[in-house]
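Observations on the three-dimensional arrangement
Here are the chains, one letter per residue:
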Amino acid sequence: MKIRNIFAALCLFSSVSAAAAFPDRPINLVVPYPPGGAVDPIARLYAEKISDNWGVPVVVLNRPGAGTTIGMNQVARAEPDGHTVILATASITSNAPLYKTLPYDTLKDFTYLSMAGIIPLAIAANPNTPVNTLDELVSTLKEKPGSLSWSSSGNGSIIHLGGELFESLAGVDMMHVPYKGSGPSVMAGVAGEVDMSFDSVFLMRPQAEAGKLKFIAVASQERVASLPDVPAIAEKYPGYFVTSWVGFMGPANMPKEATEAWAKEIARISALPEIKDKLGTMGVEATSNTPEAFSAFVESEIKKWEKVMAEANIPQLE
């Protein structure tokens, strides 16, 4: 009996030790974008802090392509032990309803760990566009439907869907002009190829400060701290909320210990003043939330964009 008790105690100690050992080897942090892009430096910033605190290497693996689905699929099929995660972006919520088929289920094939950063979006107009406020924009479009054009980073993107949602809530019609990426889209607004651009505050603020764009409204739930005089669209149309974001996810069925460790670590790093400052220079507001809150947020966003796509008659892609 004593031998059995000793054996059981040893097994219990072994299992507890194994659980407490996470992480016990290098971590792969997948980035579904190429090196040097907007997301890559955010991942490397977190990777450094995670490695310093956990005492294991964190290897950043760039897996770009197919609208982030290549990197997402790699993580969905990884061993769910917490040693392979991805820094995902808001595009996963638009990809889910946009594509007829994906190699993974966005809600079922991942463990949601924590959001890490929010990237505020805004509408900015060319200086020659004859509107200066949100009220003027809406009234102009009411009087002359389709008379103003706006650019986005591409068909089916979060920004495109955000513009469609604004049109639906405001009851107006604008001419959408998609570009291949945020850079060309913003420069189209600067050059006057379109009347307005819808993109990140970070990308458009230098152009606004140079007098080449003028902010009309931000797409956040509240005004952005760096643009206190620019109203939020939600002030006029409650419930309007469109933002870009980054967050950490792993394969489905990760152990509870690993999930909790990741959530706690992301919250710790996001709260560091130096991280807030560095992310701020990239146009990112550091944040964190619980795995449950992150998962619920993504699910609600997918449902929102499904409805927007259906109302705007945006066709699904193969």
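Refer to the structure printed above.
Residues numbered from 1 in each chain as written. Predicted model: local features only at pLDDT ≥ 70, side-chain atom pairs only at ≥ 80, totals over all residues. Heavy atoms only, no water.

What about the overall build of the protein chain?
Note the cut-off: A run of H or I in DSSP counts as a helix once it spans at least four residues, and a run of E counts as a strand once it spans at least two, with each numbered from the N terminus. Residue exposure (1.4 Å probe, protein chains only): buried if accessible area is under 20% of the type maximum, exposed if over 50%, otherwise partly exposed. Contacts are residue-level and defined by heavy atoms, with any inter-residue pair within 4.5 Å sufficient. Surface accessibility in these figures is a Shrake-Rupley result with a 1.4 Å probe; residues are shielded only by whichever protein chains are displayed.
The helix and strand inventory of the protein chain stands at twelve helices and ten strands. With respect to the three principal axes, the spread of C-alpha positions in the protein chain is 90 × 40 × 35 Å. For the protein chain, the proportion of its 318 residues judged to be buried stands at 51%. Taking contacts inside the protein chain between residues at least 6 apart in sequence as the whole, the part at least 24 apart equals 76%. Roughly 14,600 Å² of accessible area belongs to the protein chain as shown, and the carbon and sulfur atoms make up 56% of that amount.

Details of the pattern of salt bridges
The criterion, for reference: By definition here, a salt bridge exists when the distance from a side-chain nitrogen of Lys or Arg to a carboxyl oxygen of Asp or Glu is within 4 Å.
Tallied over the entire structure, the rule returns twelve salt bridges. Of the charged contacts in the structure, one is a salt bridge between Glu-260 and Lys-256, with a shortest N-O distance of 3.9 Å. On the criterion of helical spacing, the pair formed by Glu-260 and Lys-256 is a turn pair, its members being four residues apart in helix H10 (residues 256-270). According to the relative accessible area criterion, Glu-260 is partly exposed, its value standing at 45%.

Let's talk about the packing of aromatic side chains
Formally: The rule is short: rings of Phe, Tyr and Trp, with Trp giving its six-membered ring, pair when the centres are within 6.5 Å, and they are stacked under 30 degrees, edge-to-face over 60, tilted in between.
Applying the stated criterion across every chain yields a total of twelve aromatic pairs. Here Phe-22 and Trp-54 contribute two aromatic rings whose centre-to-centre distance is 5.5 Å and whose plane-to-plane angle is 70 degrees, an arrangement assigned as edge-to-face. Highlighted residues: Phe-22 in the loop between helix H1 (2-20) and strand E1 (27-31) and Trp-54 in helix H2 (residues 40-54), separated in sequence by 32 residues. With 6.2 Å between their ring centres and 80 degrees between their planes, Phe-166 and Tyr-237 make a pair best called edge-to-face. Taken together, the residues Phe-166 in helix H6 (residues 158-170) and Tyr-237 in the loop between helix H9 (233-236) and strand E9 (243-251) connect sequence positions 71 residues apart.

Things to note about the environment of Gly-156
Residue position: Gly-156 is located in the loop between strand E5 (149-152) and H6. Residues within four places of Gly-156 in sequence aside, it is in contact with Ser-94, Leu-98 and Leu-161.

Concerning the packing of helix H4 (residues 91-98) against helix H12 (residues 291-312)
Basically, it comes down to this: Here an angle of 0 to 180 degrees is reported between the N-to-C directions of two axes, which are lines fitted to C-alpha atoms, with helices fitted over the stretch in contact. For classification, angles of less than 35 degrees are called roughly parallel, those exceeding 145 degrees roughly antiparallel, those between 65 and 115 degrees roughly perpendicular, and all remaining angles oblique. With the far helix as reference, a near helix turned anticlockwise by less than a right angle produces a left-handed crossing, and one turned clockwise produces a right-handed crossing. In this classification, the charged set is Asp, Glu, Lys and Arg, the nonpolar set is Ala, Val, Leu, Ile, Met, Phe, Trp, Tyr, Cys and Pro, and all remaining amino acids, among them Gly, are polar.
Contact pair H4 / H12: the axes reach a minimum separation of 8 Å and the direction vectors enclose 50 degrees. Compared by their axis directions, H4 and H12 come out oblique. Seen from above, H4 lies across H12 with right-handed handedness. Together, Ile-92, Thr-93, Ser-94, Ala-96, Pro-97 and Leu-98 of H4 and Val-298, Glu-301, Ile-302, Trp-305, Glu-306 and Met-309 of H12 make up the contact between the two elements. Of the residues assigned to the contact of H4 with H12, the class counts are eight nonpolar, two polar and two charged.

Re the environment of Gly-154
Examined against the element boundaries, Gly-154 turns out to sit in the loop between E5 and H6. Separated by 28 residues in sequence, Gly-154 and Ser-182 have C-alpha atoms that sit 8.2 Å apart.

Digging into the pairing of E9
Put simply, the test is: We treat two strands as partners when DSSP finds at least two bridges between them.
Burial of E9 is extensive: eight of the nine residues sit out of reach of the surface. For strand E3 (residues 84-89) and E9, the ladder comprises four bridges, and the chain directions are antiparallel. Paired with Ala-88 across the strands is Gly-247, a residue of E9. Looking at chain direction, strand E4 (residues 110-125) and E9 are connected through nine bridges and run antiparallel. Counted as the bridge partner of Thr-111 is Gly-250 from E9.

Considerations on the nonpolar core
To be explicit about the condition: Side-chain atoms within 4.5 Å link the members of a nonpolar core, which is a set of buried Ala, Val, Leu, Ile, Met, Phe, Trp, Tyr and Cys residues.
Judged by nonpolar contacts, the single largest core of 52 residues is most densely connected at Leu-137, Phe-166 and Met-249. Residue contributions to this core peak at seven residues, all from H12. The contact partners of Met-249, leaving out residues within four places of it in the chain, are Met-72, Val-75, Val-85, Ile-86, Ala-88, Ile-92, Phe-110, Thr-111, Tyr-112, Leu-113 and Phe-294. Counting residues in each nonpolar core, the second largest holds 31 residues, with Leu-29, Val-31, Ala-43 and Ile-269 among its members.

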